[in-house]
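# Coordinate inspection notes
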Amino acid sequence: MFEYQKTGRFFAQTAGKMEELAAAEIKEFGANEVIPVYRGVWFKTDLEHIYRINYWARLISRVLAPLITFNCHSTDYLYQTAKKIKWEELLSSQHTFAIFSTVANSKISHSQFAGLKLKDVIADYFVEKSGERPNVDTD
């Protein structure tokens, strides 16, 4: 079971300086424990409200469902920690996938490198488990 499934906690990304407005909008859609932070809003809700927020919210760019949360001080630590995720619960080696990454206030300064490391760990995970590598498709 992933973190968002246990806690009902999600993260909505928003543009800088829009955090307070986005938090107010998310509250209007029935979310609880709404906490604006740099470039986003943490909140708790159920799936019914997630659908409503994704469909109607105007001030957020996307809602993320955290699989795990950890203090990440390097891309090597990102790789080692992400390798512990049971990726087969989300996709198989028969699926294609793409990674879109953003970093903010992070010791990892290059978002594309963070995304590349995560892509590598997912591909390596499936190679080790099944001998097959899923394809990456950025389209």
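Scroll up for the structure.
Since the model is a prediction, treat every value here as computed from it, not as a measurement. (Residues numbered from 1 in each chain as written. Predicted model: local features only at pLDDT ≥ 70, side-chain atom pairs only at ≥ 80, totals over all residues. Heavy atoms only, no water.)

Moving on, we come to the overall build of the chain. Each helix and strand counted, the chain has five helices and six strands in total. From first element to last, N terminus to C terminus, the chain shows the α and β order α-β-α-β-β-α-β-α-β-α-β. Overall, the C-alpha framework of the chain stretches about 50 × 30 × 30 Å when taken along its three principal axes. Relative to its 139 residues, the chain shows a buried fraction of 35%. Of all intrachain contacts in the chain linking residues separated by at least 6 positions in sequence, the fraction that spans at least 24 positions is 62%. Carbon and sulfur atoms make up 50% of the accessible area of the chain, which amounts to about 9,000 Å² in all. (Helix = DSSP H or I, 4+ residues; strand = E, 2+ residues; numbered from the N terminus. Buried < 20%, exposed > 50% of the residue type's maximum accessible area, 1.4 Å probe, protein only. Contact = heavy atoms within 4.5 Å. Areas by Shrake-Rupley, 256 points an atom, 1.4 Å probe, with all protein chains shown as cover.)

On to the sheet that holds strand β2 (residues 32–37). Read across the open sheet, the four strands follow the order β2-β3-β1-β4; overall the sheet is antiparallel. Whereas interior strands pair on both sides, the edge strands pair on one side only; in this sheet they are β2 and β4 (62–64). Pairwise comparison of adjacent strand axes, ignoring direction, gives a mean angle of 25° for this sheet. Bridge count for strand β1 (residues 9–13) against strand β3 (residues 40–44) is five bridges, and the pairing is antiparallel. The residue of β3 that forms the bridge with Phe11 is Trp42. The strands touched by helix α2 (residues 19–28) within the sheet are β1, β2 and β3, with β2 carrying the most contacts at an inclination of about 165°. Its contacts with the sheet put helix α3 (residues 47–56) on β1, β3 and β4, and the angle it makes with β4 is roughly 150°. (Pairing = 2+ DSSP bridges. Axes fitted to C-alpha atoms, helices over the stretch in contact; angles between N-to-C directions.)

Compared with the 28 Å implied by 1.5 Å per residue over 20 residues, the 29 Å span of helix α5 (residues 111–130) between its first and last C-alpha is a close match. Taken residue by residue, α5 has Ala114, Gly115, Lys117, Lys119, Val121, Ile122, Ala123, Tyr125 and Phe126 as its buried positions. Considering only its buried residues, α5 is in contact with α4 (75–82), β5 (96–97) and β6 (135–136). At the exit of α5 stands Gly131, carrying a positive phi of roughly 80°. (Expected span 1.5 Å × (residues − 1).)

Looking at where Ala104 falls in the secondary structure, it is placed in the loop between β5 and α5. Owing to a relative accessible area of 37%, Ala104 belongs among the partly exposed residues under this scheme. Each C-alpha atom of the pair Ala104 and Tyr38 lies 7.9 Å from the other, and the pair is 66 residues apart in sequence.

What follows concerns the environment of Glu132. By the secondary structure assignment, Glu132 is in the loop between α5 and β6. Distance from Glu132 to Ala31, taken between C-alpha atoms, is 40 Å for residues 101 residues apart in sequence. Every residue in contact with Glu132, bar those within four places of it in the chain, is listed here: Ser93, Gln94, Phe126 and Val127.

Taken as a whole and assessed by the stated rule, the structure comprises six salt bridges. Note that Asp76 is salt-bridged to Lys117, the shortest N-O span being 3.5 Å. With Asp76 in helix α4 and Lys117 in helix α5, the pair connects residues that are 41 residues apart, well separated along the chain. Assessed through its relative accessible area of 18%, Lys117 is described here as buried. (Salt bridge = Lys/Arg side-chain N within 4 Å of Asp/Glu carboxyl O.)

Everything listed here is a matter of coordinates, which is why it stays silent on function.
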